[in-house]
Amino acid sequence: MLAIPVFAQKREISSVYIDKKGVMRWSDIKEEASFYGVNYTLPFAYAYRAIGYVGKNHKEAIDKDVYHFARLGFNAYRIHVWDVEISDSQGNLIANEHLDLLDYLIAQLQKRNIRIILTAMTNFGNGYPEKNRPTGGFSYLYDKCKIHSDPNAITIQKNYIAQFVRHLNPYTKQTYKDDPYIVGFEINNEPCHAESPQQTEDYINQMLKALKQTGNTKPVFYNVSHNMPHVQAYFNTAIQGGTYQWYPIGLVAGHIRKGNFLPYVDDYAIPFSNVKGFDKKAKIVYEFDPADITCSYMYPAIVRTFRSEGFQWITQFAYDPLDLAYSNTEYQTHFLNLAYTPRKALSMKIAAEAARSLPRNSQYPKYPNDTVFGNFHVSYEQDLSELNEPAKFFYSNHTQSQPVLPDSLKEIAGYGNSPVVRYEGCGAYFLDCLEPGLWRLEVMPDAVQMRDPFEKTSLKKEVVSILWNTWNMQIRLPGLGTDFSIKAINRGNTYQTQSIGGSFPISPGVYLLEDRKQASQTKWNASSTWKNICLGEFSAPESSIKSFAVVHQSATSFEKGKPFILEAQITGESFPDSVLVYTDKVSFWSDKNYSLKMKRTNGYTYRTEVPPGMILGNSFRYSITVFKGDKRYTFPADAEGSPLDWDYYQTEYWESEAVNIGSPIKLFTVSDEYSDIEIHSIPWKYVLINLDTGNPAETNKLEFELKTKNPETRFFWRKYIKDALANRDETLQKARYLCLQLDIKESSKSKDSDDLKISNFFKAGFITSDGFTYTAALNQKRNEAFFKIPLQQLTQEVTMLLPSPYPTFIGNYFVPDIQIPFDIRKIETLEISTSDVSAENAVVSIGNIWLE
């Protein structure tokens with residue numbers, strides 16, 4: 001890394017104030033301010049410890065990540081400070097490495113012109129995902145739901161927060177309360193108020209008084225999206241802004257969630273917007289994230305909705321440190337890093353532009369008519385976020401969109417192919433025009449997902465691999481032409497290449513591209529500053545691949561007599577000499593062993609077509625062998641050797657079921673106590689109890705006891721089925737019925753079993769790729785446990801937003817305002833629901849489900 005210069009100008013730095021209407025404005029020009037960025041926790045808790053575990057330097061780690069913040073266009077940073085790590089039992093501030101790293105981070109953010117909100121206290125432990133570590137901090141002495149009402153605890157907090165804002169940062173030479181880059185303070189993180197609203201109001205007023213006595217004039221914020229009975233108490237105080245969160249698709253799924261989630265972020269209605277004082281407070285988002293997804297289409301859509309509600313500060317939770325992102329161990333349900341999740345990071349860059357350009361309080365049509373807004377576009381089908389304006393063209397995935405004014409382009413950021421850049425690699429790239437005919441090109445290394453990043457995590461488990469490879473790039477920019485020189489400028493980069501007709505091979509690094517027909521007017525070099533970076537800066541992890549690896553998901557089924565495609569991602573330190581598919585029928589002793597050669601189609605993707613004649617019986621079991629020199633590696637066993645070796649003893653295979661053309665399409669088969677089905681309830685506090693009735697695979701059913709006394713409770717079972725439909729297109733289009741083995745009976749515990757209504761108890765149907773839901777009621781008679789629903793009876797209804805979003809005041813329903821006819825080709829998720837639970841206890845049995 002190069003030394004980072006100070007990019008801020010020497011003139012007086014503008015601060016931020018909040019006017020009488022609750023609008024954040026710049027102190028010098030009085031215009032509205034808007035901020036977008038991330039939470040990032042490296043100075044504290046697990047992130048701090050884990051950087052030590054992997055043997056990295058904390059400050060160097062901060063430098064790398066803050067550089068990436070700059071590249072992604074962030075101008076906002078928020079952190080909830082772990083007070084337990086910088087305080088004693090009386091709330092006295094402790095000067096230690098945690099505080100020093102926070103000071104250092106603040107200084108580095110300032111150099112990039114990134115503004116800061118500090119949440120002074122978390123009032124909980126420093127362990128997650130490990131156990132808490134004792135520190136002697138005062139928050140360990142009190143329960144989180146009592147710390148804001150206990151008089152002694154409040155006295156300690158007043159002492160702590162006063163010392164905190166008066167703390168002198170040795171790197172900036174300013175106290176927190178006087179630093180113009182620190183926009184303001186949030187008193188605490190997600191407080192729990194268990195006493196009366198009046199007590200809550202008194203607590204906040206005491207904290208405000210303690211801050212005022214320090215001479216603080218910065219805005220003070222408080223969380224208003226928790227503890228709903230206390231909302232009026234919040235707005236009765238002199239806080240200048242309320243803080244909000246949004247986790248629209250829940251948290252901690254334990255796996256990648258799939259489906260179209262754009263309906264989930266269509267609206268952020270605040271039910272208490274009419275309380276007294278609401279319209280005088282600024283609105284900031286302290287945390288948000290569409291958790292447990294790897295897609296890149298969500299962030300700008302979320303910003304659109306936030307801006308329509310008037311939010312001016314939006315910070316995602318949380319950005320993974322570069323040195324830890326390979327394992328995603330910090331927060332299992334979140335995953336964001338420029339190197340390791342390049343498409344999501346580019347979506348964040350586009351969202352940052354949206355936050356600063358979309359007018360506050362602008363209103364947009366209801367989904368799906370709001371996927372184009374301003375100069376922005378999001379698409380679930382393309383997994384794409386896009387900004388297309390005269391000077392900027394950003395895209396998070398392959399796009400065919402034409403730049404609106406190619407001659408005016410000054411910035412490009414992308415992944416994959418577009419009309420201006422074609423690139424086979426799997427990392428992000430940036431092109432910035434320094435002057436006419438001269439561009440800076442930055443290419444990140446490839447990121448290949450090896451495992452589900454939201455499963456159980458460990459520093460010993462790599463979920464994304466980094467590879468440094470050379471790929472061809474083609475650039476078509478009117479401002480650069482096709483005849484240009486290419487010069488590597490980042491430290492240690494000795495790669496040399498040349499352009500032929502605008503095409504050239506390129507490796508990760510930073511380069512200056514100069515039109516040979518135009519001489520540059522300025523002498524640019526690695527140390528030159530541009531906006532808030534040095535031209536030669538580059539930060540990327542080293543290649544992590546030490547041996548070959550194959551990432552492949554076998555098809556659920558395929559139809560006999562038809563060929564089908566096998567596709568795999570194959571990574572290694574170099575490309576294989578060849579890749580072969582073997583069935584489980586091959587043998588060292590046989591003279592006739594059939595194999596299929598896989599060919600590389602692009603990047604690390606290899607594919608082959610399996611001919612019908614290769615299928616014997618009702619399943620296809622196979623392995624993939626990678627050849628390099630005299631070495632052979634076979635998967636999924638991940639073993640050295642080939643199935644044709646005499647001593648190859650591995651018995652692991654991928655397997656797909658061979659089915660007859662026109663046979664039923666299996667959507668749900670009972671396999672174990674979970675069978676990959678999601679269960680939910682609305683209201684969320686009512687539960688489904690998965691009953692232990694023996695081996696579900698043997699009984700061929702799952703049984704659930706519904707626990708509720710609320711007749712308006714609805715229970716839901718969902719299963720993502722798109723993978724089960726692959727290779728069954730023709731049969732799918734001919735399907736006419738949804739068939740279910742389903743039953744409801746009175747629980748032995750029910751006191752009101754005679755009142756249990758059987759008729760119209762269930763609904764069943766599908767959620768499509770549009771995010772719309774189509775169901776039909778099941779008119780059940782007693783003792784009937786099989787249903788055959790004509791698909792033509794499915795009708796469009798509301799889409800339930802499950803799992804329930806946070807904060808809890810967000811609604812659970814998306815109500816479309818247009819009708820889209822049901823199209824079986826678009827089905828992605830199976831849904832079964834109860835429509836009326838009128839007994840205290842009932843038992844539901846779910847068996848196999850299929851289309852025919």
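Right above here is the structure, for reference.
Small disclaimer: the values here were computed from a predicted structure and weren't measured.

Student: Kindly report on the overall build of the protein, identifying the contributing residues and their values.
Tutor: Helix and strand counts for the protein come out as 11 helices and 53 strands. Computed over C-alpha atoms, the radius of gyration of the protein comes to 29 Å, within 12% of the 29 Å expected from 2.2 N^0.38 for 852 residues, which places it in the range of a compact globule. A fraction of 71% describes how many contacts in the protein between residues 6 or more apart in sequence connect residues 24 or more apart. Per element, the accessible surface of the protein, about 34,500 Å² overall, is 48% carbon and sulfur. Charge separation in the protein, taken as the distance between the mean sites of 90 positive and 97 negative side-chain charges, equals 4 Å.

Student: Tell me about helix 1 (residues 45-53), and please be specific about residues and values.
Tutor: The element helix 1 is largely enclosed, with a buried count of 7 among its 9 residues. Residues of helix 1 that are buried: Ala45, Tyr46, Ala47, Tyr48, Arg49, Ala50 and Ile51. Next to the buried residues of helix 1 lie helix 2 (58-71) and helix 3 (97-111). Where helix 1 ends, the next residue or the one after it, Gly55, has phi of about 75°, a positive value.

Student: An account of empty space enclosed by the protein is requested, with residue identities and associated values reported.
Tutor: Enumeration over the complete set of coordinates arrives at 1 cavity of 30 Å³ or more. Counted as a void, the largest cavity has a volume near 50 Å³. Asn469, Phe548, Ile570, Thr571, Gly572, Glu573, Ser574, Phe575, Pro576, Tyr604 and Tyr606 together form the lining of the largest cavity. Its residues placed into classes, the lining of the largest cavity shows 6 nonpolar, 4 polar and 1 charged.

Student: Describe the nonpolar core, with residues and values.
Tutor: With 218 residues, the main nonpolar core has Tyr36, Phe164, Ile187, Leu738 and Leu851 as its most contacted residues. By residue number, the principal contributor to this core is helix 8 (residues 342-357), which donates 8 residues. Excluding its chain neighbours within four sequence positions, the residues that come into contact with Leu851 are Pro664, Ile665, Leu667, Leu732, Ala735, Tyr737, Leu738, Phe766, Leu791, Ile824 and Ile827. Counting 22 residues, the second largest nonpolar core, distinct from the first, contains Leu596, Ile615, Tyr622 and Ala658.

Student: Describe the environment of Lys392, listing the residues and the values that go with them.
Tutor: You can see Lys392 is positioned in strand 16 (residues 392-395). Residues Lys392 and Leu405, spaced 13 residues apart in sequence, show a C-alpha to C-alpha distance of 9.3 Å. Apart from the residues lying within four places of it in its own chain, the contact partners of Lys392 are Glu353, Leu387, Leu409 and Glu411. A polar side-chain atom of Lys392 sits 2.9 Å from a polar atom in the side chain of Glu353.

Student: Residues and numbers for the environment of Asn337, please.
Tutor: With respect to the helices and strands, Asn337 occurs in the loop between strand 12 (313-316) and helix 8. The class of Asn337 is buried, set by a relative accessible area of 0%. In sequence terms Asn337 and Met473 are 136 residues apart; their C-alpha atoms lie 23 Å from each other. Discounting chain neighbours no more than four positions away, the residues touching Asn337 are Asp65, Tyr319, Asp320, Pro321, Leu322, Ala325, Pro342 and Ala345. Engagement of the side chain of Asn337 in a polar contact is seen with the backbone oxygen of Asp320, the distance being 2.8 Å. In this structure the side chain of Asn337 is engaged in a polar contact, spanning 3.2 Å, whose partner is the backbone nitrogen of Tyr340.

Student: I'd like a description of the pattern of salt bridges, backed by residues and values.
Tutor: Side-chain pairs of opposite charge can arise whenever the charged atoms involved come near each other. The full count for this structure, using the stated rule, is 43 salt bridges. Of the charged contacts in the structure, one is a salt bridge between Asp645 and Arg632, with a shortest N-O distance of 3.2 Å. Pair noted here: Asp645 is in the loop between strand 38 (639-640) and strand 39 (654-659) and Arg632 is in strand 37 (residues 631-635), with a separation of 13 residues, a long-range link. The salt bridge involving Lys734 is made with Glu730; its shortest N-O contact spans 3.3 Å. With a gap of 4 residues between them, Lys734 and Glu730 both fall in helix 11 (residues 729-734), about one helical turn apart. You can call Lys734 exposed: its relative accessible area is 56%. Given a relative accessible area of 37%, Glu730 falls into the partly exposed group. Each of the salt bridges in this network shares a partner with another, and the network as a whole consists of Glu559, Lys562, Arg728, Glu730 and Lys734.

Student: Now, about the sheet that holds strand 49 (residues 795-797): what can you tell me, with residues and values included?
Tutor: Taken together, the 6 strands give an open sheet; going across it, the order is 41-44-52-46-47-49, and neighbouring strands pair in antiparallel fashion. Since the sheet does not close on itself, it has two edges, and those belong to strand 41 (678-682) and strand 49, each with one partner. Each neighbouring strand pair of the sheet contributes to a mean axis angle of 30°, computed without reference to strand direction. When strand 46 (residues 762-768) meets strand 52 (residues 827-834), the two strands line up antiparallel, connected through 7 bridges. Note that in strand 52 the partner of Thr768 across the bridge is Ile827.

Student: Could you give an account of the state of the cysteines, naming the residues involved and the relevant values?
Tutor: One way to say it: the disulfide is the covalent bond shared by the sulfur atoms of two cysteines. One pass over the full model with this rule turns up 1 disulfide. Residue pairing for Cys145: its cysteine sulfur links by disulfide to Cys192, the two sulfurs lying 1.9 Å apart. Handedness of the Cys145-Cys192 disulfide follows from its S-S torsion of about 90°: it is right-handed. With Cys145 in the loop between strand 5 (115-119) and helix 4 (151-166) and Cys192 in the loop between strand 8 (182-186) and helix 5 (197-212), the pair connects residues that are 47 residues apart, well separated along the chain. Cys295 provides the cysteine sulfur closest to Cys426, a residue in no disulfide bond, and the two sulfurs are 16 Å apart.

Student: Got a sec to walk through the packing of aromatic side chains? Specific residues and values, please.
Tutor: Under the defined criterion, the tally for this structure stands at 57 aromatic pairs. On the basis of an interplanar angle of 85° and a centroid distance of 5.1 Å, the ring pair of Tyr244 and Phe311 is categorised as edge-to-face. With a gap of 67 residues between them, Tyr244 in strand 10 (residues 241-246) and Phe311 in the loop between helix 7 (299-308) and strand 12 connect regions that are remote in the sequence. Taking relative accessible area as the criterion, Tyr244 reaches 1% and is therefore assigned buried. Take Phe311: its relative accessible area is 0%, and that puts it in the buried class. An angle of 75° between the planes, with centres 5.6 Å apart, marks the rings of Trp471 and Phe575 as edge-to-face. Within this pair, whereas Trp471 is found in strand 23 (residues 471-475), its partner Phe575 is found in the loop between strand 31 (564-571) and strand 32 (578-583), the two being separated by 104 residues in sequence.

Student: Before we move on, can you summarise the pairing of strand 39 with the specific residues and values?
Tutor: Both strand 30 (residues 557-559) and strand 39 contribute to a ladder of 3 bridges, which runs parallel. Bridge pairing in strand 39 places Phe558 opposite Ala658. Of the strand pairs in this sheet, strand 36 (residues 619-628) and strand 39 are connected by 4 bridges, and their pairing is antiparallel. Paired with Arg621 across the two strands is Glu655, which belongs to strand 39.

Student: Provide a residue-level description of the packing of helix 7 against helix 8, including the pertinent values.
Tutor: Where helix 7 meets helix 8, the closest approach of the two axes is 8 Å, and the angle between their N-to-C directions is 25°. Relative to helix 8, helix 7 is oriented roughly parallel. As helix 7 runs across helix 8, the sense of the crossing is right-handed. Of helix 8, the residues touching helix 7 (which contributes Tyr299, Pro300, Val303 and Arg307) are Lys344, Ser347, Met348, Ile350, Ala351, Ala354 and Ala355.

Student: Can you explain the side chain of His552? Please cite residues and give values.
Tutor: Along the chain, the position of His552 falls in the loop between strand 29 (549-551) and strand 30. Taking relative accessible area as the criterion, His552 reaches 14% and is therefore assigned buried. A polar contact of 2.7 Å, which involves the side chain of His552, links it to the backbone oxygen of Glu567. Separated by 2.6 Å, the side chains of His552 and Tyr622 make a polar contact. What His552 contacts, discounting residues up to four positions off in sequence, is Leu566, Glu567, Ala568, Tyr622, Ile624 and Trp654.

Student: Break down unusual backbone geometry for me, with residues and values.
Tutor: A negative phi holds for most residues other than glycine; trans holds for most peptide bonds. In this model, Tyr128 is joined to Pro129 through a cis peptide bond whose omega is 5°. Checked against the element boundaries, Pro129 lands in the loop between strand 5 and helix 4. Of note, the amide linkage connecting Leu802 to Pro803 takes the cis form, showing an omega dihedral of -5°. Notably, Glu190 is not glycine yet its phi reads approximately 45°, a positive angle. Among the secondary structure elements, Glu190 is positioned in the loop between strand 8 and helix 5. A positive phi angle is found at Asp638, which is not glycine, with a value near 55°. Assessed through its relative accessible area of 54%, Asp638 is described here as exposed.

Reading the values: the criteria
- Residues numbered from 1 in each chain as written.
- Predicted model: local features only at pLDDT ≥ 70, side-chain atom pairs only at ≥ 80, totals over all residues.
- Heavy atoms only, no water.
- Helix = DSSP H or I, 4+ residues; strand = E, 2+ residues; numbered from the N terminus.
- Rg over C-alpha atoms; globule rule 2.2 N^0.38 Å.
- Contact = heavy atoms within 4.5 Å.
- Areas by Shrake-Rupley, 256 points an atom, 1.4 Å probe, with all protein chains shown as cover.
- Lys, Arg positive; Asp, Glu negative; His and termini not counted.
- Charge placed at Lys NZ, Arg CZ, Asp CG, Glu CD.
- Buried < 20%, exposed > 50% of the residue type's maximum accessible area, 1.4 Å probe, protein only.
- 1 Å grid on protein atoms, 1.4 Å probe; cavity = no way out; pocket = protein on both sides within 12 Å on 5 of 7 lines; lining within 4 Å.
- Points joined across faces, edges and corners; volume = space filled by probe spheres on them.
- Nonpolar A, V, L, I, M, F, W, Y, C, P; charged D, E, K, R; others polar.
- Core = buried A, V, L, I, M, F, W, Y, C linked by side-chain atoms within 4.5 Å.
- Polar contact = N/O pair within 3.5 Å; in protein donor to acceptor, adjacent residues only side chain to side chain.
- Salt bridge = Lys/Arg side-chain N within 4 Å of Asp/Glu carboxyl O.
- Pairing = 2+ DSSP bridges.
- Axes fitted to C-alpha atoms, helices over the stretch in contact; angles between N-to-C directions.
- Disulfide = S-S within 2.5 Å.
- Phe/Tyr/Trp six-rings, centres within 6.5 Å; stacked < 30°, edge-to-face > 60°.
- Parallel < 35°, antiparallel > 145°, perpendicular 65-115°, else oblique.
- Left-handed = near helix turned anticlockwise from the far one by under 90°.

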